[in-house]
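A structural walkthrough
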Amino acid sequence: NFSGFTRPEDYVWFLPRPADKEAEKLREAAREESGEVVRVRWGSPVTLLALLFFTPIFGTELFFAISRSFICDFSSDACSAYN
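The notes below deal with the structure included here. Being a predicted model, the structure only gives us computed values, none of them experimental. (Residues numbered from 1 in each chain as written. Predicted model: local features only at pLDDT ≥ 70, side-chain atom pairs only at ≥ 80, totals over all residues. Heavy atoms only, no water.)

**Some words on the overall build of the protein chain**
Keep this limit in mind: Secondary structure elements follow DSSP: runs of H or I of four or more residues count as helices, runs of E of two or more count as strands, with numbering from the N terminus. Relative accessibility decides the category of a residue: with a 1.4 Å probe and only protein chains considered, values under 20% of the type maximum give buried, values over 50% give exposed, and everything between is partly exposed.
Along the backbone of the protein chain there are 2 helices and 0 strands. Taking all 83 residues of the protein chain together, the buried fraction comes to 2%.

Right under this line is the structure:
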């Protein structure tokens, strides 16, 4: 008997109710006013310059770290602490 599984109060609803959307907008506005939410302006010149400056630096560091691990795997003399 599956009649107990078809009751609407047993369903799990994933979409918020319309009233909850309005309450969520109010909570979001309150979080923005309190400083909890950080907005990134991707069109800002400072953001673009930071991306252009830091992305190659971190990419280069990652390349050197991976290269060093490969070199140390093949040659233990190149990575010893007493060279």
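Still more ground to cover, so stick around.
**Observations regarding a nonpolar patch on the surface**
Applicable threshold: Patch rule: a residue counts if its relative accessible area is over 30% and it has no salt bridge; like charges are joined within 9 Å, and nonpolar side chains (Val, Leu, Ile, Met, Phe, Trp, Tyr) within 5 Å. What sets the accessible areas is the Shrake-Rupley method with a 1.4 Å probe; for residues, cover comes only from the shown protein chains. Salt bridges are counted wherever a side-chain nitrogen of Lys or Arg sits within 4 Å of a carboxyl oxygen of Asp or Glu.
On the surface, a nonpolar cluster with roughly 520 Å² of combined accessible area is contributed by Val38, Val40, Trp42, Leu48 and Leu51. Among the structural elements, Leu51 can be located in helix H2 (residues 45–74).

**Here's the deal with the pattern of salt bridges**
In this structure the tally under the stated criterion is 3 salt bridges. When the shortest N-O distance is used, the salt bridge between Arg31 and Glu24 registers 3.2 Å. Of the residues examined, Arg31 reaches a relative accessible area of 27% and is grouped as partly exposed. Exposure remark for Glu24: the relative accessible area of 34% places this residue in the partly exposed category. Among the ionic pairs, Arg31 bridges to Glu28, the shortest N-O distance being 2.7 Å. With Arg31 and Glu28 both in helix H1 (residues 18–34), this residue pair falls 3 residues apart, about one helical turn.

**Some thoughts on the side chain of Thr47**
Selection rule: Contacts are residue-level and defined by heavy atoms, with any inter-residue pair within 4.5 Å sufficient.
Turning to its location among the elements, Thr47 is positioned in helix H2. Each residue touching Thr47, except ones within four places of it in the same chain, is listed here: Val40, Arg41 and Trp42.

**Here's the deal with the packing of aromatic side chains**
Keep this limit in mind: Two rings from Phe, Tyr or Trp (for Trp, the six-membered ring) form a pair when their centres are within 6.5 Å of each other. A pair whose planes differ by under 30 degrees is stacked, one over 60 is edge-to-face, and the rest are tilted.
Applying the stated criterion across every chain, the model contains 3 aromatic pairs. Look at Phe53 and Phe54: their rings are 5.0 Å apart centre to centre, the planes differ by 80°, and that puts the pair in the edge-to-face class. Classification of Phe53 by relative accessible area gives exposed; the value is 51%. Between Phe63 and Phe64, the ring centres sit 5.8 Å apart and the planes meet at 50°, which makes this aromatic pair tilted. For the pair shown, Phe63 and Phe64 are each scored as exposed. Three or more aromatic residues joined by ring pairs form one cluster here, namely Phe53, Phe54 and Phe58.

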